Amino acid sequence: MATASRPEPGGTPVLLPDGAELQGGRLAIGGCDVGALAARFGTPLLILDRATIDHRLAEFAGVLGGPERVVYAGKALLCVALCELLDAAGASLDVGSAGELATALAAGFPAERIVLHGNNKSLAELETAAHHGVGRVVLDSFDEIARVAEVRPRCRLLVRVTPGVAVETHEFIRTGQEGSKFGFPTGPHALEALRRALALPGCDTVGVHLHLGSQIVDLDAFARAAERIAALLARARDELGFVASEIDAGGGFGIAYTPDDRVPPPERAAKAVVGALSGALRRAGLPEARIYLEPGRAIVGPAGVTVYTVGTVKRLPGRTWVAVDGGMADNPRPMLYGARYHAFDPTRIDAPAGSPVSLAGRYCESGDVLVHDAALPEGVAPGDLVCLAATGAYTYAMASNYNRVGRPAVVLVDGGVATEIVARETPADLLRLDRHLDGRPAGWRG
Ligand SMILES: Cc1ncc(COP(=O)(O)O)c(C=O)c1O
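Residues numbered from 1 in each chain as written. Predicted model: local features only at pLDDT ≥ 70, side-chain atom pairs only at ≥ 80, totals over all residues. Heavy atoms only, no water.

Time to look at the overall build of the chain. Scanning the chain from N- to C-terminus turns up 12 helices and 21 strands. Taking 446 residues into account, the globule formula puts the C-alpha radius of gyration at 22 Å, and the chain, at 23 Å, falls close to it. Taking the principal axes of its C-alpha atoms as reference, the chain extends roughly 70 × 60 × 40 Å. Counting the 446 residues in the chain, one finds 56% classified as buried. The contacts of the chain with a sequence gap of at least 6 include a subset with a gap of at least 24, amounting to 68%. (Helix = DSSP H or I, 4+ residues; strand = E, 2+ residues; numbered from the N terminus. Rg over C-alpha atoms; globule rule 2.2 N^0.38 Å. Buried < 20%, exposed > 50% of the residue type's maximum accessible area, 1.4 Å probe, protein only. Contact = heavy atoms within 4.5 Å.)

In structure tokens form, the structure reads like this:
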């Protein structure tokens, strides 16, 4: 069967969003038939299930003791409507650039619940953050501490530390290991950073931040990191008289992308981090700290499903190429990280699968292959729909206009209602910034 995993109450992992239902072999999400959504909004289309986002935010909030302790990582996916949804849930928001900050502010997201990140924040970004009253800034380098001294934001500060724990994940998304470009190693560098941060006038240095990496499934890594954090904070107490009241332990919780993936459910993962940190602080004789987490992928990843339309089927000796109307520009993860996905036809999810096919994108790169061994229905043909599951995170957020193709639309589905929360990019959008040789706006004459 060319199936996609169905949601199993209490079971993990699941590939489809919580709001997924199968109705006579057709997939519906949030009460909306996926085939009908494709007809109405066109393809490629990113469908986001609100129920999944709400459930996952609530799960993390339950473990952490409050929705504001869930600092959604905007880099996974950000747009105005998503900020509104996060605000309604009472969550906090991690932004890593002036653009992400502008998106949050445009949504009316409370600046006090925004955490500013980045390993190279510009003076202008720090000034904008200070101007709008961003609640927390995470310090990443000595140069940045000097910039913050210039800007004098009235906010809370955390020092980002790298505990020297290398997690098992793709090397591009590993961040907490020794030699990482992020943060201060948890030895003399981190102590010096804390010392300088504590000396900044007008700000309140409250603790440390760590982020080990992304798509982590081995929870022991968090326990190893917790011991190093507690050791650092014990030294900070002894040598600087500083007692941390906050620890932001980052995100990184893995999700299932294929039916073979086994990942800890979010609640278990969050409990493991909180338990490890609390235990390590206690053993080091330190008081409890407020613990924050920054999940991105674990919130929006499983909420998303991308729908494509098949355009060509090329049956060659030894391989069949099925090409869809999207690919590496709307989802660069297969090319960037060798990421694997599960493909299926949302209008006949129970149809018997033919021989495996290669699901190719439409872009001018041989490496633009979304799935190398897709089990699509026998006789797949132009006009058929193909879905990839678990595409909510790091797809649209990393999308490009390669080949001058517009980025897809994004729809949020909930209770039988589909709302377009990001419109499809048009040729006019693509030409908006172009100028003729004489400097006149180019415009679209289509
Ligand atoms: C500082 C920080 N926090 C949180 C995240 C979110 O990670 P994930 O989406 O894996 O939960 C990232 C991702 O790179 C990050 O760099």
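Looking at the chain, the domain boundaries give domain 1 (20-48 + 302-431) and domain 2 (49-300). Each of domain 1 and domain 2 has a C-alpha centre, and these two points are 32 Å apart. Taken together, the 24 residues of domain 1 in the interface contact 25 residues of domain 2. At the boundary of domain 1 with domain 2, total buried surface from both sides reaches about 2200 Å², with 66% on carbon and sulfur atoms. Counting the surface domain 1 buries against domain 2, the share from its top three residues, Pro-302, Tyr-337 and Tyr-394, is 29%. Linking domain 1 with domain 2 are 0 salt bridges. In this structure, the connection of domain 1 to domain 2 is made through 5 residue pairs in polar contact (both at pLDDT 80 or more). (Domains from an automatic or database assignment. Buried area = accessible area lost by both parts, 1.4 Å probe. Salt bridge = Lys/Arg side-chain N within 4 Å of Asp/Glu carboxyl O. Polar contact = N/O pair within 3.5 Å; in protein donor to acceptor, adjacent residues only side chain to side chain.)

The next subject is the sheet that holds strand S2 (residues 26-29). The strands making up a sheet associate through backbone hydrogen bonding, with each pair oriented either parallel or antiparallel. Judged by pairing direction, the sheet is antiparallel, and its 3 strands sit side by side in the order S1-S2-S3 without closing on themselves. The sheet is open, and its two borders are formed by strand S1 (20-23) and strand S3 (32-33), each paired with just one other strand. (Pairing = 2+ DSSP bridges.)

Here Ser-92 lies in strand S6 (residues 92-95). Apart from the residues lying within four places of it in its own chain, the contact partners of Ser-92 are Pro-67, Glu-68, Val-70, Val-71, Tyr-72, Phe-109 and Arg-113.

Empty space among the atoms becomes visible once a probe the size of a water molecule is rolled across them. Enumeration according to the criterion identifies 5 cavities of 30 Å³ or more in this entry. Taken as a whole, the largest cavity encloses approximately 50 Å³ of empty space. Lining the largest cavity, in full, are Leu-45, Leu-46, Thr-306, Tyr-308, Asp-330, Asn-331, Thr-395, Tyr-396 and Pro-408. Counting only elements with at least two residues in the lining of the largest cavity, the list comes to strand S4 (45-49) and strand S14 (304-316). Class assignment of the residues belonging to the lining of the largest cavity gives a composition of 5 nonpolar, 3 polar and 1 charged. (1 Å grid on protein atoms, 1.4 Å probe; cavity = no way out; pocket = protein on both sides within 12 Å on 5 of 7 lines; lining within 4 Å. Points joined across faces, edges and corners; volume = space filled by probe spheres on them. Nonpolar A, V, L, I, M, F, W, Y, C, P; charged D, E, K, R; others polar.)

Formed by 111 residues in total, the largest nonpolar core has its most connected members in Tyr-72, Leu-82, Leu-93, Ile-247, Val-300, Leu-359 and Leu-376. In terms of residue count, helix H8 (residues 220-240) provides more of this core than any other element does, 10 residues in total. Not counting residues within four places of it along the chain, the set of residues in contact with Tyr-72 comprises Leu-77, Leu-78, Leu-82, Leu-86, Ser-92, Leu-93, Asp-94, Pro-295, Gly-296, Ile-299 and Val-300. One finds Leu-16, Leu-37, Val-305 and Phe-344 within the second-largest nonpolar core, a separate group that totals 25 residues. (Core = buried A, V, L, I, M, F, W, Y, C linked by side-chain atoms within 4.5 Å.)

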